[in-house]
Amino acid sequence: MMRGLTCRFFLSLVVLQTGFTAAMADERDPSRPPNVILILADDLAVGDLGGGDGSPSRTMHLDRLAEQSVRFNQAYSASCVCAPARAALLTGRYPHRTGVVTLNMNTYPVMTRLRRDEETMPELLRRAGYVTGLIGKWHVGLGDGFHPLDRGFDEYEGFSGSSDVGYYEYAFDVQGKVRRVADRYLTDDLNDRAIEFVRRHRDQRFFLHLAHYAPHRPLQAPAEIIQKYSDHGFDESTSTIYAMIEVMDHGIGRLLEELDELDLAKETVIVFASDNGPDPLTGVRFNHHLRGTKYQVDEGGIRVPLFVRWPGVFAAGERNQQVHFVDLLPTLLDFTRTDTVTTANPLDGKSFARVLRDPSADFSPTRFWQWNRGRPNYTHNAAVREGKFKLVRPFVTRGSKIQDSTLPAELYDLDSDPTESTNIAAEHPDLVQQLGGKLQRWADDVEKERVRPESEKRRDDLPLKIR
Ligand SMILES: [Ca+2]
């Protein structure tokens, strides 16, 4: 037993040393793990991509990227709103466990910040030899110890999400120093910085999280692009949103071109997603008839676009397996071969790397959601999906005055009814009870962990895993 462990220990040291040496020597080793660029849009609906509503596509470059990628038809965010969704993406754990459960960083500073004893995607990748950067929106913590530079990012050029950001005037934090910008369009600025990041780190292994603000409010975009969509008969809000998306798409196209020019495309995994569904406060827009919007755990609030490109490794194509934001971290650790790094906390997510390689791979973990403003109330706006069935405790309000909801749970068969139009709870009382029990046990579990005492364990001191 001892001998086995010792052997594996040395083997693991060798693996790590080789990884670090390769990264430091600026050499391109064809067998080395890929760079990762994780691009996130903000409040972008599944229906915003392409031109499904009869308009010209506002996402020419993303459409092409999607064609070259593995595309998920049933990808889920971890939440129907920003901050909790991002907390889960960064940790591989349900938002409630991470402490990030609501919006409004100034009103709820504690319930919007990633607990210090949560470990992040950039921390793990950095420990595996990656240089890590966040360009764009942070949104999971303010103050000492909660800045992106304290949470695993070597480089940060962005904004916290705590104050209003205008697209033509905004406060911008570069490595902890904030200045006002009034001579750029935010989305172009972020795309330019992403291109610079890639140029700067072309000879290293890098992880870049490009967290766009588009098409989040305020609705602001160049007039001539808005006009293009108005001419197609869209209202002012929708035209502006489509214009904001088109600018983002154009810049992502430039980033992809840059990867080609630097000869990095084949050694760079690109992941594209949105953090939650469309914002109802900006009007109604096309979303493939999915029910609900941002703020709601209906499909329209939590179903997001997700595609993953790794040329020559993942054959492009569609997938119907259900994947979730918590699964992304273990997946990245899997195909970046950083499995020599241990995680401090048990992950909720599971790697879907085999689904990327094999369209018929089995992958259908049971998944849960819940959101309300302020302290979580699990009687309200909560859901569990298991296989084709989804049980929903209905949404009541996005306001802060939450009472216990007595609305009965609803049940949907998403295979035959993807728009959640027919509640079949009355026909399946046993299933309603069974899924309701699972949802309640999940709620009890994550709530207990949400309020756990802060661990004294320092993440940096954690041992490397011995395999
Ligand atoms: Ca959002």
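Just so it is clear, the structure is predicted and the values come from calculations on it, not from any experiment. (Residues numbered from 1 in each chain as written. Predicted model: local features only at pLDDT ≥ 70, side-chain atom pairs only at ≥ 80, totals over all residues.)

As for the overall build of the protein chain
So, step 1. When you go through the protein chain residue by residue, the secondary structure sums to 12 helices and 15 strands.
So, step 2. Scored against the burial criterion, the 467 residues of the protein chain give a buried share of 49%.
So, step 3. Contacts in the protein chain between residues far apart in sequence, at least 24 positions, make up 66% of those at least 6 positions apart. (Helix = DSSP H or I, 4+ residues; strand = E, 2+ residues; numbered from the N terminus. Buried ≥ 20, exposed ≤ 12 C-beta atoms within 10 Å, placed from the backbone. Contact = placed C-beta atoms within 7 Å.)

Observations concerning the packing of helix 6 (residues 186–200) against helix 8 (residues 236–261)
So, step 1. Packing of helix 6 against helix 8 brings their axes to within 9 Å, and their N-to-C directions diverge by 10°. Here helix 6 is positioned roughly parallel relative to helix 8, judged by the angle of their axes. Side by side, helix 6 and helix 8 meet where Thr187, Asp188, Asn191, Ala194, Ile195 and Val198 of the first sit next to Met244, Val247, Met248, Gly251, Ile252, Arg254, Leu255, Glu258 and Leu259 of the second.
So, step 2. Residues belonging to the contact of helix 6 with helix 8 are distributed by class as follows: nine nonpolar, three polar and three charged. (Axes fitted to C-alpha atoms, helices over the stretch in contact; angles between N-to-C directions. Parallel < 35°, antiparallel > 145°, perpendicular 65-115°, else oblique. Nonpolar A, V, L, I, M, F, W, Y, C, P; charged D, E, K, R; others polar.)

Quick look at helix 3 (residues 82–91)
Since the α-helix advances by 3.6 residues per turn, residues separated by three or four positions end up pointing in the same direction.
So, step 1. In terms of burial, helix 3 is a largely internal element, 10 of the 10 residues being buried.
So, step 2. Within helix 3, burial applies to Cys82, Ala83, Pro84, Ala85, Arg86, Ala87, Ala88, Leu89, Leu90 and Thr91.
So, step 3. In this structure, the buried residues of helix 3 make contact with helix 4 (95–98), helix 5 (121–127) and helix 10 (328–335).
So, step 4. Gly92 sits one or two residues past helix 3 and shows a positive phi near 75°.

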